[in-house]
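# Per-entry structural report
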Amino acid sequence: MPQYDASWYKDTLNAMHDMVLVKGPRSNLLWANTAFLNYYGLTEETLIDLVDADHSDPDTTLQYVIDDQTVMVTGQSLDVPEEPVTDTHGDVRMFHTIKSPVFADTEVVRTVAVARLLKDAKIPRRSIGHDDAKAFVAPLQMLARSFPNPIAMVDVQARLIQKSHLWDAAFGAHHITANSYFGDVHPELDTVAKEIDACLRTRENRNITVTHPVDDPKGRIYTLQISPWAFADDVLGGATVIATDVTNLHEKTQELQSANEELTQFAYRASHDLKGPISTVKGLASMIMEDIEDGDMEDAMQSLQQIFLMMDRLKSNVKSMLDLARADLEDGEARDVDLNALLDEVREGLSAYSTNAGVAIENHLDIQHIQTQPVRLRQIIENLVANSIRYHAPDRDEKFVRVKSRETEDGIAIEVEDNGCGIPEEAGARIFDRFTRFNRHSEGTGLGLAIVKKNVDALSGHIDVTSSEAGTAIRVTVPSLAPKEARP
Amino acid sequence: MTLSIMIVDDNAADRYLLKRRLQKTDLDFDVIEAENGAAALEVFSDYQTKRDVDPETYPPLFVFLDINMPILDGFGFLSAFHHVSAAPDFAPPTVVMFTSSGRQEDKDRSLHWDFVKEYIVKGDFSSAKLKELLQAHVSTFEAA
């Protein structure tokens, strides 16, 4: 009959291929068999009271402690079908572990675990708990800290291990925690966490675009390039996330897109406004030929008169389009503009038109000088006055357009007031759109107010419109660099 | 029979031209003019009363419709007219697009409505063609 003493039991446990470890109530190691000591690089002496070895992954350590406590509290065995265990070289393998309580009377005083290797294959990823790994990663972390882009480095468990100063500036300076940085600190960057997981799984680069803060329309837009990084022996160590601020690029792209849309629309409508009168003239010309063949000279003359009208319209359409194009390009210096002289020129240019319509253009200027871009101001006043003449109320005895100016807090206000037929209420803000005409008397090009608005915007001014059946007043307020008093 | 024809166009010269062409066809016709889509829709309001008052020329058999017009353009008219023409007892006129736009998109967008039967680009048109077009559609009216 052999002696079943302590060494007899120890020898038996040390002969086992499975790892056996005994832990106290605080998860502190009390004893482990040779299989465990070899795997962990410990001795019976050095293991005493350790919770876990330094090389272990803090996350898995945390999980071990939780599992131990479960066994301590419930007094039940716990079967962990699969858990990662890091060896003394920092390599990770999967084990099947069963933890059981050891009772003294009715109280659980320690636990005993048996862990069996599932497959003798290193998982091709390495946590940075181990000293060698730490030494490898440290310079990378240093480099990341001062990287000229916002950059974040994560380990194989997607935990943040470093971020650059610029990253903090972009996404906020948060303390690095053992938990998932993207999921917990930045729940809004959840998509980033998903992409990092995908990158770590596939070892492939991922690219995503995020806005930060997420729901802020004024948030910055970043493209994030997520790439795997590896140790010298090509074992996956984690991923880097490099952010590039593309907000300005994005804005420029949008500007270009909207400019392009505007151009397309302009080209279509411009071609229509040029083609319309040409088609009509072509039709009238063929009509005239038929009239002449029929000897019908009176009708031919009438058609010819229509042709002249269409030609005038075509000319005015072309002028408006050129004005609008010039309003885009004009970047003249602000100069002293004599409003009296400017209004005289405008009157002169529109005299045939105003006389024909029986509309008087009246000078009610209180301020005569303004520092601004003369070409733009001229286009503004010219188009407003022309509109007032165009949309006069034919039934009124006295038809007028009054051009006024006065000084306001925002600059010089120039008002063009008429007693014309008014702007229909349903027109609303659309009156400033290109090619929008709201009046039945529709010989306008629909460009007038678009030209006015473009110029006012360029001068950083604003437009106020009041309109009723009694007439319309459009007030344009533009800043004047150095408004001068009226000349004596 | 008298052909009742509505011309919807903001350009007086185009309306004039179309009327002259109609005269050259030697057909007996009556013209209603509208300067934009909204004015054209007005013509179809109070439909039954107008028809009872003037059954000879109302409703128009043809609508010549421009696209680019102020207030309500040709497309706006077509989609509103779709609702008007769904009323019971309504005899929808033949709508002929009469525009300077030769763009295929505009053509497709117009012909998408079943009451739009023709699409004419303004420059490419003669009195003879107009007569042919009117007679073709009149014969279908008479057959019905």
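Just so it is clear, the model here is predicted, and its values are computed rather than measured.

Reading the values: rules and limits
- Per chain, residues are indexed from 1 in the order of the written sequence.
- Working convention: letters from A go to chains and numbers from 1 go to ligands, in the order in which they are written.
- pLDDT decides what is reported in this predicted model: residues at 70 or higher carry local features, side-chain atom pairs at 80 or more are listed and counted, and totals for whole chains, interfaces and linings draw on all residues regardless.
- Here a strand is any run of E in DSSP of at least two residues, a helix any run of H or I of at least four, and the numbering for each starts at the N terminus.
- By the convention adopted here, residues make contact when the C-beta atoms placed from their backbones lie within 7 Å.
- Scored from 0 to 100, pLDDT reflects the predictor's confidence in each residue.
- Paired strands, as defined in this entry, are two strands with at least two bridges between them according to DSSP.
- Structural elements are reduced to axes, namely lines fitted to C-alpha atoms, with helices fitted over the stretch in contact, and the angle between N-to-C directions of any two is expressed from 0 to 180 degrees.
- Partly exposed residues are those whose C-beta has more than 12 but fewer than 20 other C-beta atoms within 10 Å; with 20 or more the residue is buried, with 12 or fewer it is exposed, and the C-beta atoms are placed from the backbone.
- Here a nonpolar core is just a set of buried residues of the types Ala, Val, Leu, Ile, Met, Phe, Trp, Tyr and Cys, joined wherever their C-beta atoms sit within 7 Å.
- Basically, the charged four are Asp, Glu, Lys and Arg, the nonpolar ten are Ala, Val, Leu, Ile, Met, Phe, Trp, Tyr, Cys and Pro, and anything else, Gly included, counts as polar.
- Reported orientations rely on four angle classes, namely roughly parallel under 35 degrees, roughly antiparallel over 145, roughly perpendicular from 65 to 115, and oblique for the rest.
- Handedness of a crossing follows from how the near helix is turned relative to the far one, being left-handed for an anticlockwise turn of less than a right angle and right-handed for a clockwise one.

We now examine the overall build of chain A. Looking only at helices and strands, chain A features 12 helices and 18 strands. Within chain A, counting contacts between residues at least 6 apart in sequence, those at least 24 apart form 57% of the total.

Moving on: the overall build of chain B. A count of helical and extended segments in chain B gives 6 helices and 5 strands. Reading the helices (α) and strands (β) of chain B from amino to carboxyl end gives β-α-β-α-α-β-α-β-α-β-α. By sequence separation, contacts in chain B at least 24 residues apart represent 71% of the contacts at least 6 residues apart.

The subject of this paragraph is the confidence of the model for chain B. Residues and elements named next belong to chain B. Per-residue confidence for chain B gives a mean pLDDT of 86; residues scoring 70 or more make up 97%. Here helix 6 (residues 127-143) stands out as the least confident element of chain B, with mean pLDDT 79; strand 3 (residues 62-65) is the most confident, with 95. Reported confidence for the predicted complex is 0.77 by ipTM and 0.51 by pTM.

Before going further, it helps to examine the sheet that holds strand 13 (residues 359-365) of chain A. All names here are of chain A. Here 5 strands make up an open sheet; going across it, the order is 13-15-16-18-17 and the pairing mixed. Lying at the two open borders of the sheet, with one neighbouring strand each, are strand 13 and strand 17 (462-468). When the angles between neighbouring strand axes are averaged without regard to direction, this sheet yields 15°. Against the sheet, helix 10 (residues 339-357) contacts strand 13 and strand 15 (399-408), and its axis sits at roughly 165° relative to strand 13.

Time to look at helix 12 (residues 448-458) of chain A. Burial within helix 12 of chain A is extensive, with 9 of its 11 residues counted as buried. Turning to helix 12 of chain A, its buried residues are Gly448, Leu449, Ala450, Ile451, Val452, Lys453, Lys454, Asn455 and Val456 of chain A.

So, on to the nonpolar core. In this structure, Leu342, Ile380, Ile381, Leu384, Val385 and Val401 of chain A are the most contacted members of the largest nonpolar core, which totals 36 residues. Breaking this core down by element, the ones donating at least two residues are helix 9 (297-329), helix 10, strand 13, helix 11 (374-390), strand 15, strand 16 (411-418), helix 12 and strand 18 (471-478) of chain A. Here this core takes 7 residues from helix 11 of chain A, the largest share from any one element. The contact partners of leucine 384 of chain A, leaving out residues within four places of it in the chain, are Val416, Val452 and Ile474 of chain A. Core analysis: the next-biggest nonpolar cluster, separate from the first, contains 32 residues, Ile288 of chain A together with Val8, Phe62 and Val63 of chain B among them.

With 20 residues of chain A at the contact, the number on the chain B side is 20 residues. Counting only elements with at least two residues in the side of chain A that touches chain B, the list comes to helix 8 (247-293) and helix 9 of chain A. Among the elements that take part in the side of chain A that touches chain B, helix 8 of chain A stands out by supplying 11 residues, more than any other. Grouping the amino acids of the side of chain A that touches chain B by side-chain chemistry returns 5 nonpolar, 9 polar and 6 charged.

Moving on: unusual backbone geometry. Glycine aside, a negative phi is what most residues show, and trans is what most peptide bonds show. All names here are of chain A. Even without being glycine, arginine 203 reaches a positive phi, approximately 60°. Locating arginine 203 in the fold gives a position in the loop between helix 7 (190-202) and strand 9 (206-212). Arginine 203 sits in the partly exposed class, given 14 other C-beta atoms within 10 Å. Of note in this structure, aspartate 234 is not a glycine but carries a positive phi near 70°.

This paragraph deals with the packing of helix 11 of chain A against helix 12 of chain A. All names here are of chain A. Relative orientation of the contacting elements helix 11 and helix 12 amounts to 150°, with a least axis distance of 9 Å. It follows that helix 11 is roughly antiparallel to helix 12 by the angle criterion. In this structure, helix 11 crosses over helix 12, and the sense of that crossing is left-handed. Contacts between helix 11 and helix 12 pair Arg376, Gln379, Ile380, Asn383, Leu384, Ala386 and Asn387 from the former with Gly448, Ile451, Val452, Asn455, Val456 and Ala458 from the latter. Broken down by class, the residue content of the contact of helix 11 with helix 12 amounts to 7 nonpolar, 5 polar and 1 charged.

Residue and element names in this part refer to chain B. One open sheet accounts for 5 strands, arranged 2-1-3-4-5; its pairing is parallel. Since the sheet does not close on itself, it has two edges, and those belong to strand 2 (29-34) and strand 5 (116-121), each with one partner. For this sheet the average axis-to-axis angle between neighbouring strands, irrespective of direction, equals 20°. Pairing analysis gives 5 bridges linking strand 4 (residues 94-99) to strand 5, with the strands arranged parallel. Across the sheet, valine 95 pairs through a bridge with valine 116, a residue of strand 5. Contacts from helix 5 (residues 104-111) reach strand 4 and strand 5, with the element oriented near 160° to strand 5.

Let's shift gears to the environment of asparagine 356 of chain A. Its place among the elements puts asparagine 356 of chain A in helix 10. Taking the number of C-beta atoms within 10 Å as the measure of exposure, asparagine 356 of chain A has 10 and is therefore exposed.

Our focus in this paragraph is the pairing of strand 17 of chain A. Residues and elements named next belong to chain A. Both strand 17 and strand 18 contribute to a ladder of 7 bridges, which runs antiparallel. Note that in strand 18 the partner of aspartate 464 across the bridge is arginine 475. Between strand 17 and strand 18, which pair antiparallel one after the other, the connecting turn spans 2 residues.

Our next topic: the environment of phenylalanine 81 of chain B. Note on placement: phenylalanine 81 of chain B falls in helix 4 (residues 74-84). Spatially, the C-alpha atom of phenylalanine 81 of chain B lies 9.4 Å from that of proline 92 of chain B, the residues being 11 residues apart in sequence.

Moving on, we come to the packing of helix 10 of chain A against helix 11 of chain A. All names here are of chain A. Where helix 10 contacts helix 11, the two axes come as close as 10 Å, and the packing angle between them is 20°. In terms of their interaxial angle, helix 10 and helix 11 are classed as roughly parallel. Here helix 10 and helix 11 pass one another in a crossing that is right-handed. Side by side, helix 10 and helix 11 meet where Leu342, Leu343, Val346, Gly349, Leu350, Tyr353, Ser354 and Ala357 of the first sit next to Leu377, Arg378, Ile381, Glu382, Val385, Ala386 and Ile389 of the second.

Residue and element names in this part refer to chain A. In terms of strand pairing, strand 3 (residues 78-86) meets strand 4 (residues 91-104) through 7 bridges, oriented antiparallel. Bridging across to strand 4, valine 80 finds its partner in threonine 97. The turn linking strand 3 back onto strand 4 is made up of 4 residues, and glycine 90 within it adopts a positive phi angle of 90°.

Next up on the list: the environment of alanine 40 of chain B. Residue and element names in this part refer to chain B. Positionally, alanine 40 belongs in helix 2 (residues 37-43). For the pair formed by alanine 40 and leucine 65, sequence separation is 25 residues and the distance between their alpha carbons is 9.3 Å. The contacts of alanine 40, once residues within four sequence positions are left out, are Met6, Val8, Ala34 and Phe77.

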